[in-house]
Amino acid sequence: MFTRILAAGAAAATLAVALSAAAVAHGDNNAQVGPIEIGHAWARATPPMAPAGGGFLELKNTGTTADALIAAKADVSERTELHTHIKDGDVMKMRQVERVEIPAGGEVALQPGSFHVMFIGLKKPLAAGESFPVTLTFEKAGSVTVPMKVNAIGTMTYDGAMGGGSGQGGMQHGSMQHGQKSAN
Ligand SMILES: [Cu+2]
């Protein structure tokens, strides 16, 4: 229903703003900018000396043209980058990416083991139970700030499910190298 309203075109712009406000009021970190809906934004708590932390969210493009997440910004860290995980032999490594594509009518999840927001140079640990604002910038839709809730170390999902095994996801974030891109 929502999609059809937006597809009605530019005349719907004012309406879209009103709907956006309604979406935010639903809570659970949902926000919207243009045709892009953002939901389930969360970050994983970090141990005291961790240099970096990861943030995750779901993006849905209700529009008829592709868009892309091109930047994220937060005050909790010195730098904030977009990353993905790649498998190099048996080792998972993180790489910075310039953009995360969101196809027209499509969805993309930034989630552990895949795309994520990387908070590098944490000013203080991310503490479970807190939340902090993250500003996301999309190539076409512009910028929007969403609250990112912090789940416990080892969490794998927005709802707080823990990983099977060792909670290695959190460890990986703390120990992986982030200088690779500039060193290439
Ligand atoms: Cu990363």
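Since we're looking at a predicted model, the values are computed, not measured.

Undergrad: Could you give me a rundown of the coordination of the copper ion, with the residues and numbers involved?
TA: Looking at the metal site, the copper ion is ligated by His83 (ND1), Met94 (SD), His116 (NE2) and Met118 (SD), spaced 2.1 to 2.2 Å from it. Every donor counted, the 4 donor atoms about the copper ion form angles of 84 to 121 degrees at the centre, which fits irregular coordination. Read N to C, the donor residues that coordinate the copper ion are spaced as H-x10-M-x21-H-x1-M. Of this pair, Met94 sits in strand E6 (residues 91-96) while Met118 sits in strand E9 (residues 116-122), and the two are 24 residues apart along the sequence. You'll find Met94 and Met118 in the same group, each marked buried.

Undergrad: Could you give me a rundown of the nonpolar core, with the residues and numbers involved?
TA: Ile38, Leu57, Leu59, Phe119, Phe132, Leu136 and Phe138 are the most contacted members of the largest nonpolar core, which totals 32 residues. Beyond its immediate stretch of four places on either side in the chain, Leu136 contacts Ile38, Leu57, Leu69, Ala71, Ala72, Gly142, Ser143, Val144 and Val146.

Undergrad: Got a sec to walk through the side chain of Ser77? Specific residues and values, please.
TA: Summarising the element assignment, Ser77 is placed in strand E5 (residues 77-88). Judged by its relative accessible area of 3%, Ser77 is buried. There is a polar contact of 2.8 Å between the side chain of Ser77 and the backbone oxygen of Arg79. Here the side chain of Ser77 touches Thr80 through a polar contact of 3.3 Å, side chain to side chain.

Undergrad: Describe the confidence of the model for the chain, naming the residues involved and giving the relevant values.
TA: On average, residues of the chain carry a pLDDT of 82, and 73% of them reach 70 or more. Between residues 1-27, whose pLDDT stays under 50, and residues either more than four places distant or in other chains, the model counts 16 contacts. Every residue in residues 165-172 is under pLDDT 50, and counting partners more than four places away or in other chains gives 5 contacts.

Undergrad: Hey, could you go over the pairing of strand E4 (residues 67-74) for me, with residue numbers and the actual values?
TA: Consecutive side chains of a regular strand alternate in pointing toward one face of the sheet and then the other. Both E4 and strand E7 (residues 100-102) contribute to a ladder of 3 bridges, which runs antiparallel. Bridge pairing in E7 places Asp67 opposite Ile102.

Undergrad: Any details on unusual backbone geometry? Residues and values, ideally.
TA: Within the chain, His40 stands out as a residue other than glycine whose phi angle is a positive 55 degrees. One can find His40 in strand E2 (residues 36-44).

Undergrad: Give me the packing of aromatic side chains: which residues, what numbers.
TA: By the definition in use, this model includes 2 aromatic pairs. With 4.6 Å between their ring centres and 40 degrees between their planes, Trp42 and Phe56 make a pair best called tilted. One end of the pair, Trp42, is in strand E2; the other, Phe56, is in strand E3 (residues 52-61), and 14 residues separate them in sequence. For Trp42, a relative accessible area of 3% puts it in the buried group. With relative accessibility at 0%, the residue Phe56 sits in the buried group. Relative to Phe132, the ring of Phe119 has its centre 5.2 Å away and its plane inclined at 80 degrees; by these criteria the two rings are edge-to-face. One end of the pair, Phe119, is in strand E9; the other, Phe132, is in strand E10 (residues 131-138), and 13 residues separate them in sequence. Taking relative accessible area as the criterion, Phe119 reaches 0% and is therefore assigned buried.

Undergrad: Which residues make up the environment of Arg44, and what values do they have?
TA: If you trace the backbone, Arg44 turns up in strand E2. Within polar-contact distance, the side chain of Arg44 engages the backbone oxygen of Thr155 at 2.8 Å.

Undergrad: So what's going on with the side chain of His116? Which residues, and what values?
TA: Take His116: it is sitting in strand E9. Classification of His116 as buried rests on a relative accessible area of 1%. A distance of 2.9 Å separates a polar side-chain atom of His116 from the backbone oxygen of Ser114.

Procedures and definitions
- Residues numbered from 1 in each chain as written.
- Predicted model: local features only at pLDDT ≥ 70, side-chain atom pairs only at ≥ 80, totals over all residues.
- Heavy atoms only, no water.
- Donors = N, O, S within 2.8 Å, 3.2 Å for Na, K, Ca; no water.
- Tetrahedral: all angles 85-135°; square planar, octahedral: opposite > 155°, others 65-115°.
- Helix = DSSP H or I, 4+ residues; strand = E, 2+ residues; numbered from the N terminus.
- Buried < 20%, exposed > 50% of the residue type's maximum accessible area, 1.4 Å probe, protein only.
- Core = buried A, V, L, I, M, F, W, Y, C linked by side-chain atoms within 4.5 Å.
- Contact = heavy atoms within 4.5 Å.
- Polar contact = N/O pair within 3.5 Å; in protein donor to acceptor, adjacent residues only side chain to side chain.
- pLDDT = per-residue confidence, 0-100.
- Pairing = 2+ DSSP bridges.
- Phe/Tyr/Trp six-rings, centres within 6.5 Å; stacked < 30°, edge-to-face > 60°.

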